[in-house]
Amino acid sequence: MLTDVLTGWTAETLGGLTVLIAAAAGGWIRRRRTARPTAAALPTDAQAVRTYTLIGARAADGQPVHLPSSRPAGTRIAWPGRVGKREEFELTDGVLADGTYAAERVTLYRRR
């Protein structure tokens, strides 16, 4: 009778420990997978600093406005334009003749 109790207890304990270890290992593996940086998070040539020309915007001296940025194409940025107004531009992958990238005007809105 004592051997039946001991063998039953041993089997249940070993089974419970196996399930506990498997669950801990699964959680650890899942945590490590989500902690790894993805390809989008790694720095690439596309995320290097680019110089953008704001299309249609002029500086005080009449020259085109150039803006360095490491943001990806498709990002919208706000630039303070004429007095009392701000302009919104979208960064693109289009390369201009001078080697800079184009930032196209999207909207023109008043500053509040």
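Structure first, text after, so check above.
Residues numbered from 1 in each chain as written. Predicted model: local features only at pLDDT ≥ 70, side-chain atom pairs only at ≥ 80, totals over all residues. Heavy atoms only, no water.

A. The arrangement of the overall build of the protein in detail. Check the secondary structure of the protein and you find one helix and five strands. When the helices and strands of the protein are listed from N to C terminus, the series reads α-β-β-β-β-β. Put simply, 28% of the contacts in the protein that link residues at least 6 apart link residues at least 24 apart. Roughly 8700 Å² of accessible area belongs to the protein as shown, and the carbon and sulfur atoms make up 59% of that amount. (Helix = DSSP H or I, 4+ residues; strand = E, 2+ residues; numbered from the N terminus. Contact = heavy atoms within 4.5 Å. Areas by Shrake-Rupley, 256 points an atom, 1.4 Å probe, with all protein chains shown as cover.)

B. Representation of the pattern of salt bridges within the structure. Counted under the stated rule, the structure contains four salt bridges. Across the pair E87 and R105 runs a salt bridge, and its minimum N-O distance is 2.8 Å. Of this pair, E87 sits in strand β4 (residues 85-95) while R105 sits in strand β5 (residues 101-110), and the two are 18 residues apart along the sequence. Overall, R105 belongs to the partly exposed group, its relative accessible area being 38%. (Salt bridge = Lys/Arg side-chain N within 4 Å of Asp/Glu carboxyl O. Buried < 20%, exposed > 50% of the residue type's maximum accessible area, 1.4 Å probe, protein only.)

C. Expanded view of the nonpolar core. By size, the foremost hydrophobic cluster in this structure holds nine residues: Y52, L54, A57, V65, I77, W79, F89, L91 and A103. Those elements giving two or more residues to this core turn out to be β1 (50-58), β3 (76-80) and β4. The biggest single contributor to this core is β1, with three residues. Beyond its immediate sequence surroundings of up to four residues, L91 is in contact with Y52, S69, R71, P72, A73, G74, T75, I77, A102 and A103. (Core = buried A, V, L, I, M, F, W, Y, C linked by side-chain atoms within 4.5 Å.)

D. Up close: the packing of aromatic side chains. Scanning all chains against the criterion turns up one aromatic pair. Judged by centre distance (5.9 Å) and plane angle (50 degrees), the rings of Y52 and Y101 are tilted. Highlighted residues: Y52 in strand β1 and Y101 in strand β5, separated in sequence by 49 residues. The ring of Y101 carries the charged tip of R50 above its face, separated from the ring centre by 4.1 Å. (Phe/Tyr/Trp six-rings, centres within 6.5 Å; stacked < 30°, edge-to-face > 60°. Lys NZ or Arg CZ within 6 Å of the ring centre and 35° of its normal.)

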